Each structure stands twice: as C-alpha cells, then as structure tokens.
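Structural overview for review
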Amino acid sequence: MDYQEVLNNARKIIMDKCKVCPDCNGYACRGQVPGVGGKGSGQAFVRNREKVQQVKLHLDTLVDSGEIDTGITLFGKKYKYPFFAAPIGALEMNYHPSLNDLTYNEHIIAGCCDAGICGFTGDGAKDEFYEGPLNIISNNHGLGIPTIKPWDNKTIISKVRKAEASGVSAIAMDIDAAGLVLLAMAGKPVYTKSVDELKEITASTKLPVILKGIMTPQGALKALEAGAAGIVVSDHGGRVLDNTPATIEVLPDIVKKVKDKMTIFVDGGFRSGDDVFKALALGADAVLIGRPFAVAAYGGGKEGVRLYADKIGNELKEAMLMTGCHQLNDIDRNKVITV
Ligand SMILES: Cc1cc2nc3c(=O)[nH]c(=O)nc-3n(C[C@H](O)[C@H](O)[C@H](O)COP(=O)(O)O)c2cc1C
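Read on for an overview of the structure. These numbers come from a predicted model, not from an experiment.

Quick look at the overall build of the protein now. In terms of helices and strands, the protein carries twelve helices and twelve strands. Computed over the C-alpha atoms, the radius of gyration of the protein is 19 Å, within 12% of the 20 Å expected from 2.2 N^0.38 for a compact globule of 339 residues. Its C-alpha atoms put the protein at 60 × 45 × 40 Å along the principal axes. Within the span of the protein, comprising 339 residues, buried residues form 57% of the whole. Across the protein, the fraction of contacts at a sequence separation of at least 24, relative to all contacts at a separation of at least 6, is 72%. A total of about 14,000 Å² of accessible surface is found on the protein, and carbon and sulfur atoms cover 52% of it. Side-chain charges in the protein split into 39 positive and 40 negative, and the spacing between the mean points of these groups amounts to 3 Å.

Turning our eyes to something else, we now look at the packing of aromatic side chains. By the definition in use, this model includes seven aromatic pairs. Seen in terms of ring centroids, phenylalanine 84 and phenylalanine 265 are 6.2 Å apart; in terms of plane orientation they differ by 70 degrees. Their pairing is edge-to-face. Taken together, the positions of phenylalanine 84 in strand E4 (residues 83–85) and phenylalanine 265 in strand E10 (residues 263–267) put the pair 181 residues apart, joining distant regions of the chain. As far as burial versus exposure is concerned, phenylalanine 84 and phenylalanine 265 are alike and both buried. Geometry around phenylalanine 45 places arginine 291 over its ring, the cationic atom sitting 3.6 Å from the centre.

Burial analysis of E10 places five of its five residues in the buried class, which makes it a mostly covered element. The two faces of E10 match: Thr263, Phe265 and Asp267 on one face and Ile264 and Val266 on the other face are all buried. Between strand E9 (residues 230–233) and its parallel partner E10, the chain crosses via helix H10 (residues 247–258), and the hand of that crossover is right-handed. Relative to strand E11 (residues 286–289), E10 runs parallel, the two sharing three bridges. Paired with valine 266 across the bridge in E11 is valine 287. As a crossover connection, the stretch from E10 through helix H11 (residues 273–281) into E11 is right-handed.

With that settled, the discussion passes to a negative patch on the surface. A cluster of like negative charges, contributed by Asp196, Glu197, Glu200 and Glu225, occupies part of the molecular surface. Sort the elements by how many residues they give to the negative patch and helix H8 (residues 195–203) lands first, with three residues. Along the chain, the position of aspartate 196 falls in helix H8. By relative accessible area, which is 57% here, aspartate 196 ends up exposed.

Tracing the backbone through its elements, the reader meets serine 166 in the loop between helix H6 (153–165) and strand E7 (171–174). With relative accessibility at 9%, the residue serine 166 sits in the buried group. Separated by 32 residues in the primary sequence, serine 166 and leucine 134 have C-alpha atoms spaced 6.6 Å apart. Dropping the residues within four chain positions of it, serine 166 is found in contact with Leu134, Ser138 and Gly142. Of note is the side chain of serine 166, whose polar atom sits 2.8 Å from the backbone oxygen of alanine 163.

Another point: the site of the ligand. Taken together, 22 residues form the shell around the ligand, and within it Pro87, Asp267, Arg271, Gly290 and Arg291 come nearest. Here the ligand, which alone exposes 610 Å², has 98% of that area covered by the protein. Here the residues of the shell around the ligand are counted per class, giving five nonpolar, ten polar and seven charged.

What follows is about the pattern of salt bridges. Pairing of side chains with opposite charge becomes possible as their charged atoms draw close. Scanning all chains against the criterion turns up 15 salt bridges. For glutamate 164, the salt bridge identified is with arginine 161, shortest N-O distance 2.9 Å. Placement of the pair is glutamate 164 and arginine 161 together in helix H6, with a separation of three residues, close to one helical turn. With a relative accessible area of 37%, arginine 161 lands in the partly exposed category.

A rise of 1.5 Å per residue sets the reference length of helix H12 (residues 291–322), with its 32 residues, at 46 Å; its end C-alpha atoms lie only 27 Å apart and thus fall more than 12% short of the reference. Directly after H12, the chain includes glycine 324, whose backbone phi takes a positive value near 75 degrees.

Counted at 1.5 Å a residue, the expected span for helix H5 (residues 128–139) with its twelve residues is 16 Å, and the 16 Å between its end C-alpha atoms agrees. Looking only at H5, the buried set comprises Phe129, Tyr130, Gly132, Pro133, Leu134, Ile136 and Ile137. Trailing H5 by a residue or two, histidine 141 shows a phi angle of about 60 degrees, which is positive.

This paragraph deals with the packing of helix H1 (residues 3–14) against H12. Following both chains from N to C, one finds H1 and H12 inclined at 150 degrees, their axes separated by 9 Å at the closest point. Taken together, H1 and H12 sit at an angle that is classed as roughly antiparallel. H1 and H12 meet at a crossing whose hand is left-handed. Counted together, Tyr3, Val6, Leu7, Asn9, Ala10, Ile13 and Ile14 of H1 and Val295, Ala296, Tyr298, Gly299, Gly300, Gly304, Leu307, Tyr308 and Lys311 of H12 form the full contact between these two elements. Across the contact of H1 with H12, the residue classes tally to eleven nonpolar, four polar and one charged.

What counts, and at which threshold
Residues numbered from 1 in each chain as written. Predicted model: local features only at pLDDT ≥ 70, side-chain atom pairs only at ≥ 80, totals over all residues. Heavy atoms only, no water. Helix = DSSP H or I, 4+ residues; strand = E, 2+ residues; numbered from the N terminus. Rg over C-alpha atoms; globule rule 2.2 N^0.38 Å. Buried < 20%, exposed > 50% of the residue type's maximum accessible area, 1.4 Å probe, protein only. Contact = heavy atoms within 4.5 Å. Areas by Shrake-Rupley, 256 points an atom, 1.4 Å probe, with all protein chains shown as cover. Lys, Arg positive; Asp, Glu negative; His and termini not counted. Charge placed at Lys NZ, Arg CZ, Asp CG, Glu CD. Phe/Tyr/Trp six-rings, centres within 6.5 Å; stacked < 30°, edge-to-face > 60°. Lys NZ or Arg CZ within 6 Å of the ring centre and 35° of its normal. Right-handed = clockwise from strand over helix to strand, strands pointing away. Pairing = 2+ DSSP bridges. Patch = residues over 30% accessible without salt bridge, like charges linked within 9 Å, V, L, I, M, F, W, Y side chains within 5 Å. Salt bridge = Lys/Arg side-chain N within 4 Å of Asp/Glu carboxyl O. Polar contact = N/O pair within 3.5 Å; in protein donor to acceptor, adjacent residues only side chain to side chain. Near = heavy atom within 4 Å. Nonpolar A, V, L, I, M, F, W, Y, C, P; charged D, E, K, R; others polar. Expected span 1.5 Å × (residues − 1). Axes fitted to C-alpha atoms, helices over the stretch in contact; angles between N-to-C directions. Parallel < 35°, antiparallel > 145°, perpendicular 65-115°, else oblique. Left-handed = near helix turned anticlockwise from the far one by under 90°.

All quantities given are derived from atomic positions and should not be read as evidence of function.
Listed below in structure tokens is the structure:
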C-alpha cells in the first residue's frame, strides 16, 4: 500500500462527510459540525490553514553536512519526530461508522508506535470510549496520551487514576470542550475551569498534565499557575468557536510568556513536514495533526497511519536539510518569514 492508495480508499469510505481534499483546508466542509468542518462559518479552520501557508522557509545549504536528527524526548519518552496524532472523537458520527472510537484508536496507537511517535486519544459521553483506548495504550507500552474532557473534578480525577494504572507518560485535558452541548444533552455536562479547580487536578497526580485549547498568553500563564506541564495552542480545529484567530498567529505571543517553562504543542492546519518546521521555528516544541490522521486510519488502518507519519517525518527531514538544520534546536525564528 502507498499513501495515494490510502487517500483513494478513504475517499470511497468517508465521502459523505469528508471529501479527502488534496489540501485539507476547511473549505469543502465549512460549518459541518457534527462532521469534519469548522463551526458556524467555518472561518476558524480555514484561517488556521491559511496562516500556516503564509509562513515560508529560508533556503540555506551553506552549512556543514552531517546527520539530521528529528528526535525529541517529551515527558521521559523518546520519539522519532516532533509531531503526534491529535485526539479525534465521535468517529461514527463525524466520519463514518466503519470505525468507532475503539477501532479508530487501535489504528492510531499502533500506527503511531510503528512510526516512532505517539497518538493522543479522546474521551466521550460513553465511558468505554475513554477506557477502551486507554487499554490499547496500555498494550502498546504506554505510548499514547489520553485526553480527558473537562467533566466535574471528581469524574476527571477518577479518570486520571485509570490513566495512571495504564502506564501513560502524561495526560491531557481538552479544556476548550467546555461548550460542547452534545455532551450535556447526553447527560454528561462539561465545564469551564478556574485556576483553583485546575490546581486540584494537577495536584492529584504525578503525571504531567497538558491543557489543550489555549489561545491567549493569559490562558497560557493561567495553565502554568495551575501546575500544567504543557499546553496545546489549539482552537479544537475551529470546532468550538467560530471567529478565532489562527493558532499559528497566537503562538509567538504565547511562546514569549511560557517558553522553557512548559511544553508547548500547537495544532490547527498543519499538513506537511514543512508545516511542522514552521511551528517549531515560531517556538512550539511539537505539533499535533488531526484530520489527516483520521483520513489515514479510514483509508489504510494502522498501516495508513504509519505511512502518513513517515511521509510527514521525511518531509520534515528534507526541510531541515534544505534550511541548514541538523537538530530540532537549530530550527528558530530566523529560518522562516511570514508573508
Ligand atoms: C472530527 C473531529 C473530532 C475531534 N474530536 C476531538 C476530541 O474528542 N477531543 C479533542 O481534544 N479534540 C478533538 N478534535 C480536535 C483535534 O484534536 C485537533 O485539535 C484539531 O483537529 C487540529 O486541527 P487539524 O485537524 O486542522 O489538524 C476533533 C477534531 C475533529 C476534526
């Protein structure tokens, strides 16, 4: 199987919800939530993608030749590349019933492990959609990061205990899911969280806690104050609020406040190894990629996921070669320009 076959297969299966566009940019699926689009006008998803495209790389091959190392260590685990599969939930509703939240995460976790990276898993109204993926992570040497919804603190802490038992190296919480009405309708309400409430969660565990859905420097500082070890600069792929700026636009100001004090992930519209390079140049430590991993899983199962990750990894390596970078630390603000 090659990646083109993966895309062709996926197109046949998920066509009704996702057109598997040559560039996954939020136009064809505007407003389709549930579905794969951005909320409302869909501009947040579109803008995420457009602003990533407006960053360009400086070509520079006047450097020593030598090995290129794309490796990164995060929360005590070594990974081959600085990008990961973002959590994607409610697969049957958003994409197609041929995969559900369990079978999807089997492909994501195994395919990411094969590629030397890891996948974030999600959470939902049904407990099995949190616990099933957790078991899959446990069977894959703890290589996966569960993402807990912002339920009431008692429920969150009971889910943290389950994560600890499964050997994960960190947990995440998609704090920006606080407005998801579908969960409330299913009798499982989610909430916004004060710094004190977040402190109770971070203090309840030795595991590093990553808060996903930070879009302002103030939010990043609150996450730091709450004891979070990491943040994901994210607007949930444009799915929770219509008129947000692009994640790559807000990234540099957030980086100024919390760089080297916590791990900074970013997601939203990153589609290639060059795009991962751009995020790192603007100060992120690592990138999450959402929708294209879902397409890869539908079109090729765990092999599709591995093929996609290898493709992005190879592109990143090539970008590093052509910009004079041997290690991820060499990728800095001087390597890119915003047009
Ligand atoms: C269909 C769909 C379902 C998602 N479900 C979740 C989820 O359950 N938990 C979560 O934290 N983020 C979820 N996200 C957001 C992604 O984790 C990620 O933030 C976003 O997709 C990144 O943008 P990208 O798809 O443009 O790469 C979902 C996104 C999509 C498209």
